[in-house]
Amino acid sequence: MEKRTLTITLQPDWKAALRAAGKAAQRGGYQGEFLNFESPGIFFSRLSERRWAIINALQVTGTMGVRELARHLQRDVKRVHEDAQALVELGLIERDTKGSLTCPYADIHVDMHIAPNLQAA
């Protein structure tokens, strides 16, 4: 099975991000998967340090239940559950049929360019 990869982009123009992903798909073969955020603010609000810790733990240890993950991270089960649900909704982690969590990506790359927003000026 081929290792899955994810590239996270920050692109205010979601249509341009979608076109770029479409061009990559036309090259044939697996080109990886893409997740776009419209601004750094949205990116950082959805992917906190604690959520990155969940992703990292699952990449290292593999599949885990929420309680086991909470013990591993030394965090409250309810908060880990809330963070995991947000990550599932984003597609960064997945649940199996038993409800256990896994990160399907062997590599996650964040492609972030921060430049002045001339339209806001």
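Higher on the page you've got the structure.
So, how was this worked out
- Residue indices begin from 1 for each chain and proceed along its sequence in written order.
- Whole-chain, interface and lining totals are the exception, using all residues; otherwise, since this is a predicted model, local features are given only for residues with pLDDT of at least 70 and side-chain atom pairs are given and counted only at 80 or more.
- Side-chain figures throughout are based on the complete set of non-hydrogen atoms in the structure, without hydrogens or water.
- Lining residues are those with an atom within 4 Å of a point, where the points come from a 1 Å grid over the protein atoms alone and group into cavities, where a 1.4 Å probe fits but cannot get out, or pockets, open sets with protein on both sides within 12 Å along at least five of seven lines.
- Grid points are joined across faces, edges and corners, and a volume is the space filled by probe spheres set on the points.
- Secondary structure elements follow DSSP: runs of H or I of four or more residues count as helices, runs of E of two or more count as strands, with numbering from the N terminus.
- Under this grouping Gly is polar, as are all residues other than the nonpolar Ala, Val, Leu, Ile, Met, Phe, Trp, Tyr, Cys and Pro and the charged Asp, Glu, Lys and Arg.
- Strand pairing is assigned whenever DSSP identifies at least 2 bridges connecting the two strands.
- Whenever a helix is involved, its axis is fitted only over the stretch in contact; in every case the axis is a line through C-alpha atoms, and angles between N-to-C directions fall within 0 to 180 degrees.
- In what follows, a contact means two residues having at least one pair of non-hydrogen atoms within 4.5 Å.

Engineer: I keep staring at the layout of surface pockets and nothing clicks. Help me out?
Structural biologist: Over the atoms rolls a probe the size of a water molecule, and in doing so it shows where empty space is left. Of the pockets and cavities examined, the second largest pocket occupies roughly 220 Å³. It is helix α1 (residues 14-26) that provides the largest number of residues to the lining of the second largest pocket, a total of five residues. Across the lining of the second largest pocket, the residue classes tally to eight nonpolar, four polar and one charged.

Engineer: Would you mind going over the sheet that holds strand β1 (residues 4-10) with me for this structure?
Structural biologist: With parallel pairing, three strands are arranged side by side in an open sheet as β2-β1-β5. Of all strands in the sheet, those bounded by a partner on one side alone are β2 (33-37) and β5 (105-111). Across this sheet, the average inter-strand angle for adjacent strands is 20°, counted without regard to direction. Relative to β2, β1 is paired through five bridges, and the arrangement is parallel. Along β2, the bridge assignment pairs I8 with L35. Strand contacts of helix α3 (residues 49-61): β1 and β5, with the helix running at about 150° to β5, the strand carrying the most contacts.

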